[in-house]
Amino acid sequence: MKRHIDSLARNHIRPIGLLCVLALVPFGAAVAQGSDTWNEAPAPVASVTVGDAFIDVEPAVGFETATLRIAGPSDYALTKSISAEDGAFYLTADLLMEAEAVRGPQGDMTALAGLPDGRYYYEVQFTAADGSTKRETGAFRVQDGIALQNTGEPLSQTSEERPGLLARIAGSVLDVFVPSAHAQSGDFDNFVSIRNTTDTGSSRLNLNSSDSITVDDDSWRLINDDGEGHRFDVSEGLSTPRLTILQGGNAGIGTTTPQDQLHVNDSSGFQVRLTSGTTTARMDVFGGRFALYGNNSTQFSVNSDAPTNSLSINADGDAGFGTGSPSAALHVSRADNSANVRVEDTGAGSPQVMFQLLNNGFPQFNMQDTSQTDVSWSFRLSGTAGSTERFTITKVGTGGAEFELFADGSATFAGPVTADGVLLTSTREAKTDFRDIDERDVLDKLASLEISEWRYKDEAEGTTHIGPIAEEFHEVFGLSDGKRLNMIDTNGITFAAIQALHAENRDLKERLAALEQRLAE
């Protein structure tokens, strides 16, 4: 009971008296008097201040580097250093958050959950530019997880080593309105501590923008929930918390049970918005899909029921649809006979490029039947522009070209061509340089041409063809290229020979008729 009354006196009577004194004494004089009365002369080396869970060292000497070392019970240890180049006037450490991790019974390193009770020893070493050193040593103790002086009271609440006057004024004013809170302010940091001293519920800080002191829709609350969830909530009035942080670090917006480090839950609109000037991007889980929006239009979406590896991109930048390990820049994989790539343009217009293969060399694409062995074909461009440029179809592994289409429209087939008909361009408009021929001479040349029976070397034995040899055909008629026979040339020679035979047959018929007439006479 006495301790409660003492606490009440410290938290309420002291601030009121202090404010009364300040009202009577000019502010500058109060500061000067406070400095002479409350601030003890600094130690020869440094002034050390220990708070509930922090320690501050104010150097009183010049230094190149300063190092703080603390040792305490349960293998507690803390080491922190600053240099003159840091421009720091204080060497400040959080006794809990900056303590070295401790080794557990299984050998694993874990952070401290609280300050172990007992006596702590500290040493501050200042090293000058010439290598000389000066030290400040001391001790403090921790009781119930709070750093205390030897008197047993929190250091920040005693008169032996109090903070500056402005810091005490801030703490006193805050004590008037929030008896369980205390503020310490200085030239280096600000601290606010709110504790539920009875340890029977949550600690709350209420921020109200209205004249009312009650919790309403105009207020915000910061709540340290000391229940089984051990969570921190930010609430608007008495509504469901807008922001929740669990003890393990998971943060939730729109949910008090975040399942991951950041869990956003909102079924009424966009969940994440990114804005730069007039450009807006949004992420949302809505209508059974995950979607990315740009200025309200859906640009990317994936249905929540989409199968595994619907879209994946590996470290090489390869994109896979239906595979988590794409082996090409674009890899589409299915196992249900539905793999398909479709390019569609529903606009009306003239013909346009819908598929392109561009390469700094010969572009090529392959087709392969993986259910069989050695069933693979290649389609590619090759040759030199203006001369041997051609499109080639090749069975992979043969080393030859089964089909070649040249820039002038000519084509080469490695085997027979089967067709219902072959149309040869023969219109007069497509021809020029007409000259008469001697059909009889053509017939005589044709009669001198060797016609033999043969087969191609790559054909099976027993295969038979009848015809001339291209070299002899070119030698006799000067037509074709000496390697191949042009059907236009062979047809023309055939027609000329038939005309010559027709004329010869007509002459014979006329001579026979004349002989028969003479016989009859």
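Conventions adopted
Residues numbered from 1 in each chain as written. Predicted model: local features only at pLDDT ≥ 70, side-chain atom pairs only at ≥ 80, totals over all residues. Heavy atoms only, no water. Pairing = 2+ DSSP bridges. Helix = DSSP H or I, 4+ residues; strand = E, 2+ residues; numbered from the N terminus. Axes fitted to C-alpha atoms, helices over the stretch in contact; angles between N-to-C directions. Salt bridge = Lys/Arg side-chain N within 4 Å of Asp/Glu carboxyl O. Buried < 20%, exposed > 50% of the residue type's maximum accessible area, 1.4 Å probe, protein only. Core = buried A, V, L, I, M, F, W, Y, C linked by side-chain atoms within 4.5 Å. Phe/Tyr/Trp six-rings, centres within 6.5 Å; stacked < 30°, edge-to-face > 60°. Polar contact = N/O pair within 3.5 Å; in protein donor to acceptor, adjacent residues only side chain to side chain. Contact = heavy atoms within 4.5 Å. 1 Å grid on protein atoms, 1.4 Å probe; cavity = no way out; pocket = protein on both sides within 12 Å on 5 of 7 lines; lining within 4 Å. Points joined across faces, edges and corners; volume = space filled by probe spheres on them. Nonpolar A, V, L, I, M, F, W, Y, C, P; charged D, E, K, R; others polar. Arc of directions from axis to C-beta.

Considering the sheet that holds strand β19 (residues 272-276)
In any sheet, the strands associate via hydrogen bonds between backbone groups, in a parallel or an antiparallel arrangement.
Move 1: Spatially, 4 strands are ordered β19-β20-β21-β22 in an open sheet, and the strand pairing comes out antiparallel. In this open sheet, the two edge strands, each paired with only one partner strand, are β19 and β22 (297-303). Geometrically, the sheet is characterised by an average inter-axis angle of 10° between neighbouring strands, direction not taken into account.

What to know about the sheet that holds strand β15 (residues 231-236)
Move 1: Read from one edge of the open sheet, 6 strands run β13-β14-β15-β16-β17-β18, paired in mixed fashion. Of all the strands in the sheet, the pair left with one neighbour each is β13 (203-208) and β18 (262-264). Pairwise comparison of adjacent strand axes, ignoring direction, gives a mean angle of 10° for this sheet.
Move 2: With 6 bridges joining them, strand β14 (residues 219-225) and β15 adopt antiparallel strand pairing.

Some remarks on the pattern of salt bridges
Move 1: Applying the stated criterion across every chain, the model contains 10 salt bridges.
Move 2: Across the pair E123 and R69 runs a salt bridge whose closest N-O atoms are separated by 3.7 Å. One end of the pair, E123, is in strand β8 (residues 118-127); the other, R69, is in strand β3 (residues 65-72), and 54 residues separate them in sequence.
Move 3: Assessed through its relative accessible area of 25%, E123 is described here as partly exposed.
Move 4: A network of salt bridges, in which partner residues are shared, links R69, E123 and R135.

So, the nonpolar core
Move 1: Counting residues in hydrophobic clusters, the biggest one holds 27 residues, and the most contacted among them are I55, L68, I70, Y76, L95, F126 and F140.
Move 2: Of all the elements in the fold, those that place two or more residues in this core are β1 (46-50), β2 (54-59), β3, β4 (76-83), β5 (91-94), β8 and β9 (133-143).
Move 3: Looking at this core element by element, the count peaks at 4 residues for β8.

A look at the packing of aromatic side chains
Move 1: If you walk through the whole model with that rule in mind, you get 9 aromatic pairs.
Move 2: Pairing F379 with F391 gives two aromatic rings, centres 6.5 Å apart and planes at 25°, and the pair type is stacked. Of the two residues, F379 sits in strand β27 (residues 376-382) while F391 sits in strand β28 (residues 390-395), which places them 12 residues apart along the sequence.
Move 3: Taking relative accessible area as the criterion, F379 reaches 17% and is therefore assigned buried.
Move 4: Through a chain of ring-to-ring contacts, the aromatic side chains of Y76, Y120, Y122 and F140 assemble into a single cluster.

What to know about the side chain of S312
Move 1: Locating S312 in the fold gives a position in strand β23 (residues 312-313).
Move 2: Judged by its relative accessible area of 14%, S312 falls in the buried class.
Move 3: Of note is the side chain of S312, whose polar atom sits 2.6 Å from the backbone oxygen of T323.
Move 4: Leaving out residues up to four positions away in the same chain, S312 has contacts with D318, A319, G320, T323, G324 and P326.

Some details on the layout of surface pockets
Move 1: Computed from the structure, the second largest pocket encloses a volume of approximately 1600 Å³.
Move 2: Lining the second largest pocket are 32 residues; nearest its centre among them are F413, Y456, R484, L485 and M487.
Move 3: Going through the elements one at a time, β30 (411-413), β32 (465-467), α5 (470-477) and α6 (487-520) are the ones with two or more residues in the lining of the second largest pocket.
Move 4: Tallied by class, the residues present in the lining of the second largest pocket amount to 17 nonpolar, 9 polar and 6 charged.

Some details on unusual backbone geometry
Move 1: Phi at D144 takes a positive value of approximately 55°, unusual for a residue other than glycine.
Move 2: Along the chain, the position of D144 falls in the loop between β9 and β10 (146-148).
Move 3: Of note, the phi angle at N309 is positive, near 60°, even though the residue is not glycine.

Looking at α5
Move 1: Buried within α5 are the following residues: A470, F473 and F477. The arc that holds every buried residue of α5, seen down its axis, measures 60°, which confines them to one face.
Move 2: Its buried side turned inward, α5 meets α4 (439-448) and α6.
Move 3: Looking one or two residues beyond α5, the residue adopting positive phi is G478, at roughly 70°.

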